[in-house]
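Topology and contacts: notes
What follows is the residue order along each chain.
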Number of protein chains: 2
Amino acid sequence: MEHMSQAARTRPRVVIIGSGFGGLFAARALGRADVDVSLIARTGHHLFQPLLYQVATGILSPGEIAPATREVLSRQRNTQVILGEVGDIDLDRRIVTASTLGRTHRHGYDHLIVAAGTDQSWFGNPQFAEFAPGLKSIDDALELRGRIFGAFELAELAAAQGRHEDVARLMTFVVVGGGATGVEMAGQLAELSRRTLRREFRHIDPATSRVVLVDVAPAVLGAFHPHLQESSRVALERIGIEVRLSTAVIGVDADGLDLEGPDGERTRVEAVTKVWAAGVAANPLARHLADQVGLRVDRQGRIPVEADLTLPGHPEVHVIGDMIALDNLPGVAQVAIQGARHAAAEIRRTHRGEPTGRAFRYHDKGSMATISRFRAITQMGRIRLTGFIAWLAWLAVHLVYIIGFKSQVTTLLHWMVSFVGRGRSERTVTEQQVFARRALERSRR
Amino acid sequence: MEHMSQAARTRPRVVIIGSGFGGLFAARALGRADVDVSLIARTGHHLFQPLLYQVATGILSPGEIAPATREVLSRQRNTQVILGEVGDIDLDRRIVTASTLGRTHRHGYDHLIVAAGTDQSWFGNPQFAEFAPGLKSIDDALELRGRIFGAFELAELAAAQGRHEDVARLMTFVVVGGGATGVEMAGQLAELSRRTLRREFRHIDPATSRVVLVDVAPAVLGAFHPHLQESSRVALERIGIEVRLSTAVIGVDADGLDLEGPDGERTRVEAVTKVWAAGVAANPLARHLADQVGLRVDRQGRIPVEADLTLPGHPEVHVIGDMIALDNLPGVAQVAIQGARHAAAEIRRTHRGEPTGRAFRYHDKGSMATISRFRAITQMGRIRLTGFIAWLAWLAVHLVYIIGFKSQVTTLLHWMVSFVGRGRSERTVTEQQVFARRALERSRR
């Protein structure tokens, strides 16, 4: 890329790492700035992570929540998109090194925005990952789709052959983690088994599936007001989900989980399909940067930054989104989006000769989570909504934030099919979901 | 499944193998018959194969052309769907043995309908498959999607680094096979590079991509009238596709193909991305059946059947669709659909005590193929259409045959986006497309 930058050497070069909410909105915010933008990301698509659980449960297609980054940014003539995984950031020489299928490329920068996000974390138990995959990427979602629908197929077969223990194990779904992702995933598993699949099997009744939601905290949806936490728990239980709070996961294997309850009692849940929605850790680039400036990352691998989101001693480097440890900011899209706009504004100010170094101020626009169809919770400042009204708010906000008109239209349609009707349009499982196949093979069934 | 069939032992048991056009329509045609139907298939979805190329080129999502078989048949209370691959058919004992993730299950039948279709064939060169994948399954389509969009990503990188030979190789796409699938695939590759990707890259101009269509026959679209063949060839060349006829593929590797032209001259085409749309061979169950009744399969592995589509000596076994060698029937959906209805009608007649053994009569409803957006060819008896009118006919017929209202609506929308606009809604490539990644890695680039 050295090659490319020669032509435009006079314009400041901004390199952005990541194509999530932070990276994409940073690129957009610089669309009309007099700079050359290079966005480097390890996938070719932006990802609307809050709806991943709907890809996993067959409501949406990957394309609806993962538009090609290149297409989204195609009208910004000052922006190039580069597929590659960043392995090194040389803060002294101001060079980012990335690689694409084994080929290395280097990108010099005048400004760097690091928005590499987080990966799933199994809290020091990486061996859990094989049995309880996370939900952070399109691959994760399709993997879980394969496991979920595969489990019902195998349960039908087991029932026809009279293997009742196997049926129970195949029809038990455990979601670890009671945050928004875990709650929404559990809710959709309940909907899937109670409504969508109702008439489709002959030997099992999918409505008898067991859905268990486990969290080590004493309440679900920790980011919400206690009233909303409690009403959510009640709503989850009302649709048949077993909510196990103050409960730690101490073991996960092909056939189930070992749990430790509030009084230290240990129980075993036999379940072929497990979903890990419990924790995240910052992308390793956070530590890579921290090491270079003599800082320490926190327990979740996040890097402390200055109040203006720059790396200490490096006003030309902004770190935004989930990767940073600052003022206990939550790991939500709005923190990344607002951080992106803040960093872009600072860069524009630098080149207009205006003073920079303004502190980042996060405006909490509120939080929301769906429990099930027609039922959600929403919290905006002091306004707290539950039930149908909250669900309408959820619907509106998510439709607006999905990138691109065509995805908004098909998504609305798929939601109608799924919420008003009971079908799921995107259930296709491929052979390439080899890990799903292996996971099911390894379980007793 | 022995277990299950006891309850309904008094009703005749019909086992159907396959969930393609033949299997699905056979099950539907028996929906109200007084029989128990078991449909066994190795995928959980029906597949609308004629539109696979649109999944490969990012227009449609898998869910739109591959609805869950279980969902399509959910209202037929007499029908069960079983996921499994059939390994053995015992004609004497009338038992089908299938396996699902290593677990074996057996299904007794009174009637058997074998509709297992065809697999891709590389004409005795299985080593070509790795470099030039076929287009017969959702996996194939997603694999090709990964290779096609990946090739453009790598070309952009190669161009930025000044590796011009690599750019040319990455931006050359070769389709082997000039039947409907090959022609439609080549047409869409041209559209993709000329229209969809036009403004998305900074170092390459996708419109300069080379699309080559190769066939060993002297004309494209062998099933059509020579006038339509010639007008199609002209239309393909007009949108910039190199059509190489009377040309055999004698070698395929990671970086290109070796061809032998009409006068025996050999040429090499450097191309990272190759698509094999050249030939098919019947599912091995055809030979398995043939061996048991002392018959021989033909060159494409198809089994000769009686005029009423039954296996010689076995009036209880119908073989339908692409697997049979009978009267030079073409390998198209209508042959399978009409064969399915014929077999179902014969089975119903058997149990009403009516005479059976009627000869299958195929009614050619016509053939069609799209060349590009707004341009197709259609042939119905003596009526031959080209251009926009033919394309409208193509649009109408394909919309009608896509299973399910919701898929029809989203598909229409995706077509509007793609034909009226220039976008593609379903470009998402996953990490699970490991073979695509490996193929690109192995090429020089």
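Residues numbered from 1 in each chain as written. Chains lettered and ligands numbered in written order. Predicted model: local features only at pLDDT ≥ 70, side-chain atom pairs only at ≥ 80, totals over all residues. Heavy atoms only, no water.

Quick look at the overall build of chain A
On a plain count of helices and strands, chain A comes out with 14 helices and 23 strands. C-alpha atoms of chain A, sized along the principal axes, occupy 75 × 50 × 45 Å. The burial tally for chain A puts 60% of its 445 residues in the buried class. Per element, the accessible surface of chain A, about 17,300 Å² overall, is 51% carbon and sulfur. (Helix = DSSP H or I, 4+ residues; strand = E, 2+ residues; numbered from the N terminus. Buried < 20%, exposed > 50% of the residue type's maximum accessible area, 1.4 Å probe, protein only. Areas by Shrake-Rupley, 256 points an atom, 1.4 Å probe, with all protein chains shown as cover.)

Remarks on the environment of P62 of chain A
One can find P62 of chain A in helix α4 (residues 62–65). Residue P62 of chain A is classed as buried on the basis of its relative accessible area, which comes to 10%. With 54 residues separating them in the primary sequence, P62 of chain A and A116 of chain A have C-alpha atoms 20 Å apart. The contact partners of P62 of chain A, leaving out residues within four places of it in the chain, are V55, I138, L142 and R145 of chain A together with E426 and T428 of chain B. (Contact = heavy atoms within 4.5 Å.)

Quick word on the domain arrangement of chain A
How large an interface is tends to be reported as the accessible area lost when its parts come together. All names here are of chain A. Considered domain by domain, chain A is made up of domain 1 (2–42 + 84–120 + 281–352) and domain 2 (126–278 + 373–442). Here the C-alpha centre of domain 2 lies 33 Å away from the C-alpha centre of domain 1. Counting from both sides, the interface comprises seven residues of domain 1 and, opposite them, eight residues of domain 2. A combined buried area of about 560 Å² lies between domain 1 and domain 2, and 58% of that area is made up of carbon and sulfur atoms. (Domains from an automatic or database assignment. Buried area = accessible area lost by both parts, 1.4 Å probe.)

Considering the pattern of salt bridges
Residue and element names in this part refer to chain A. Per the counting criterion, the structure on display carries 54 salt bridges over all chains. For R94, the salt bridge is made with E316, and the minimal N-O distance between the two is 3.5 Å. Note that R94 is positioned in the loop between β4 (85–90) and β5 (95–100) and E316 in strand β19 (residues 314–319), a separation of 222 residues in sequence. By relative accessible area, R94 is classed as partly exposed at 34%. Assessed through its relative accessible area of 6%, E316 is described here as buried. Residue E165 pairs with R169 through a salt bridge whose shortest N-O separation is 3.7 Å. In this pair, E165 and R169 both sit in helix α7 (residues 164–170), four residues apart, roughly one turn of the helix. Classification of R169 as buried rests on a relative accessible area of 3%. (Salt bridge = Lys/Arg side-chain N within 4 Å of Asp/Glu carboxyl O.)

Remarks on the sheet that holds strand β4 (residues 85–90) of chain B
Residues and elements named next belong to chain B. Taken in spatial order, the three strands make up an open sheet running β4-β5-β6, and their pairing is antiparallel. Taken across any chain shown, the strands that pair with only one partner, and hence form the sheet edges, are β4 and β6 (103–108). Across the sheet, the mean angle separating the axes of adjacent strands is 25° when strand polarity is ignored. Where strand β5 (residues 95–100) meets β6, six bridges bridge the pair, whose relative direction is antiparallel. (Pairing = 2+ DSSP bridges. Axes fitted to C-alpha atoms, helices over the stretch in contact; angles between N-to-C directions.)

Points about the sheet that holds strand β12 (residues 248–253) of chain A
Residue and element names in this part refer to chain A. With antiparallel pairing, three strands are arranged side by side in an open sheet as β12-β13-β14. With partners counted over all chains shown, the strands left at the sheet margins are β12 and β14 (266–270), one partner each. Within the sheet, the average angular offset between the axes of one strand and its neighbour, ignoring direction, is 20°. Pairing between β12 and strand β13 (residues 256–260): five bridges, direction antiparallel.

Regarding the packing of aromatic side chains
Considering all chains together, one arrives at 20 aromatic pairs over all chains under this definition. When the ring centre of F25 of chain A is taken as origin, the NZ or CZ atom of R28 of chain A, which lies over that ring, is 5.8 Å away. (Phe/Tyr/Trp six-rings, centres within 6.5 Å; stacked < 30°, edge-to-face > 60°. Lys NZ or Arg CZ within 6 Å of the ring centre and 35° of its normal.)

Some words on the nonpolar core
Ranked by size, the top nonpolar core spans 121 residues in total, and within it I17, L30 and I89 of chain A carry the most contacts. Of all the elements, helix α6 (residues 138–160) of chain A adds the most residues to this core, at twelve residues. Among the domains, domain 1 (2–42 + 84–120 + 281–352) and domain 2 (126–278 + 373–442) of chain A are the pair contributing at least three residues each to this core. Among the nonpolar cores identified, the runner-up in size contains 120 residues, and I148, V275, I303 and V335 of chain B belong to it. (Core = buried A, V, L, I, M, F, W, Y, C linked by side-chain atoms within 4.5 Å.)

Topic: the pairing of strand β13 (residues 256–260) of chain B
All names here are of chain B. Linkage of strand β12 (residues 248–253) to β13, two consecutive antiparallel strands, is achieved through a turn of two residues. Summarising the sheet, β13 and strand β14 (residues 266–270) pair through five bridges and their orientation is antiparallel. The residue of β14 that forms the bridge with G256 is E270. The antiparallel hairpin formed by β13 and β14 contains five residues in its connecting segment, where G264 sits at a positive phi of about 80°.

Things to note about the UniProt feature "domain: FAD/NAD(P)-binding" (unreviewed entry) in chain A
Within this structure's numbering, the places UniProt gives as "domain: FAD/NAD(P)-binding" (unreviewed entry) are residues 13–339 of chain A. Between the end C-alpha atoms of residues 13–339 of chain A the distance is 19 Å, and the span holds 30% helix and 28% strand. (UniProt positions renumbered as here; feature names shortened; annotations may be inferred.)

Quick word on the environment of G117 of chain A
All names here are of chain A. Structurally, G117 can be placed in the loop between β7 (111–114) and β8 (118–120). For G117, a relative accessible area of 17% corresponds to the buried category. Distance in space between the C-alpha atoms of G117 and T97 is 18 Å, their sequence separation being 20 residues. Among residues more than four places away in sequence, those in contact with G117 are A282, N283, D322 and M323.

Details of the environment of G301 of chain B
Residue and element names in this part refer to chain B. Note on placement: G301 falls in the loop between α10 (285–293) and β17 (303–304). What makes G301 buried here is its relative accessible area of 17%. For the pair G301 and M368, spaced 67 residues apart in the sequence, the C-alpha separation amounts to 26 Å. Among all residues touching G301, those that are not within four sequence positions of it are A282 and A286.

Quick word on the packing of helix α2 (residues 21–29) of chain B against helix α11 (residues 333–352) of chain B
Between two packed helices, the angle of one axis relative to the other and the distance separating the axes together describe the packing. Residues and elements named next belong to chain B. Two numbers describe how α2 lies on α11: the axes approach to 8 Å, and their chain directions differ by 35°. Remark: the crossing between α2 and α11 carries right-handed chirality. Together, F21, G22, F25, A26 and A29 of α2 and A333, A336, I337, A340, R341, A344 and R348 of α11 make up the contact between the two elements. Of the residues contributing to the contact of α2 with α11, the split by class is nine nonpolar, one polar and two charged. (Left-handed = near helix turned anticlockwise from the far one by under 90°. Nonpolar A, V, L, I, M, F, W, Y, C, P; charged D, E, K, R; others polar.)

Some points on the confidence of the model for chain A
For chain A, mean pLDDT is 91; residues scoring 70 or higher make up 92% of the total. Taken as a whole, residues 1–8 of chain A scores under 50 in pLDDT and shows 19 contacts with residues more than four places along the chain or in a different chain. (pLDDT = per-residue confidence, 0-100.)

Observations regarding a nonpolar patch on the surface
Residues and elements named next belong to chain A. Together, F374, F388 and L392 give the surface a local cluster of nonpolar side chains, amounting to about 270 Å² of exposed area. Tracing the sequence through the fold places F388 in helix α12 (residues 387–401). Residue classification places F388 among the partly exposed positions, given a relative accessible area of 46%. (Patch = residues over 30% accessible without salt bridge, like charges linked within 9 Å, V, L, I, M, F, W, Y side chains within 5 Å.)

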